[in-house]
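Structural characterization, general
Here's the letter readout for the chains.
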Amino acid sequence: MKTDEQTDPASPQATAPANTELPPTAPCTVVWCGGRPYVLESSAGHTRWMGTDHRGRPVALTSADLQRRGWTHTRAS
C-alpha cells in the first residue's frame, strides 16, 4: 500500500532521488557533496574524505557522512 507521500510528485522523495550507492573507494577519487569537492585520502589503512567548509577550513568526512549528506560524481549546477 502506498502512502500519499510516496505518490505525491511534490514530496521531497519524489523530486530528489536518494543516492543509496556507497562512495567510491579508490584513493584520490573526487566526489561532490553540498557543492564542494571532497578527495579520498588513504593512510595507514584508514581512509577519509577531505574537503573544505564554507570558510575554507579543512573538513574530514567518512564515507557514511557523505552517504547521509548525499554525494555525486559531478558538480551540481
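Residues numbered from 1 in each chain as written. Predicted model: local features only at pLDDT ≥ 70, side-chain atom pairs only at ≥ 80, totals over all residues. Heavy atoms only, no water.

It is worth spelling out the confidence of the model for the protein at this point. Low-pLDDT stretches of the model should not have their predicted coordinates read in fine detail. The pLDDT averaged across the protein works out to 79; a share of 73% of its residues lies at or above 70. Here helix α2 (residues 12-15) stands out as the element of the protein with the lowest mean pLDDT, 40, in contrast to strand β4 (residues 58-61), whose mean of 96 is the highest. Confidence over residues 2-17 falls short of pLDDT 50; this stretch has seven contacts with residues more than four positions distant or in other chains. (pLDDT = per-residue confidence, 0-100. Helix = DSSP H or I, 4+ residues; strand = E, 2+ residues; numbered from the N terminus. Contact = heavy atoms within 4.5 Å.)

The next subject is the nonpolar core. In terms of nonpolar packing, the biggest core is built from eight residues, these being V31, C33, Y38, L40, W49, L61, L66 and W71. Among the elements of the structure, β1 (30-33) and β2 (36-43) are those that each provide at least two residues to this core. Once residues lying within four places of it in the same chain are set aside, the contact partners of C33 are Y38, L66, R69, G70 and W71. (Core = buried A, V, L, I, M, F, W, Y, C linked by side-chain atoms within 4.5 Å. Buried < 20%, exposed > 50% of the residue type's maximum accessible area, 1.4 Å probe, protein only.)

Note: strand β3 (residues 46-52) against β4, four bridges, orientation antiparallel. Paired with M50 across the two strands is A60, which belongs to β4. Connecting β3 to the next strand, β4, in antiparallel fashion are five residues, including G56 with a positive phi near 85 degrees. (Pairing = 2+ DSSP bridges.)

In this section: the side chain of T29. One can find T29 in the loop between α2 and β1. For T29, a relative accessible area of 16% puts it in the buried group. A distance of 2.5 Å separates a polar side-chain atom of T29 from the backbone oxygen of A26. In this structure T29 touches P24, Y38, V39, L40 and W49, once residues within four positions along its chain are discounted. (Polar contact = N/O pair within 3.5 Å; in protein donor to acceptor, adjacent residues only side chain to side chain.)

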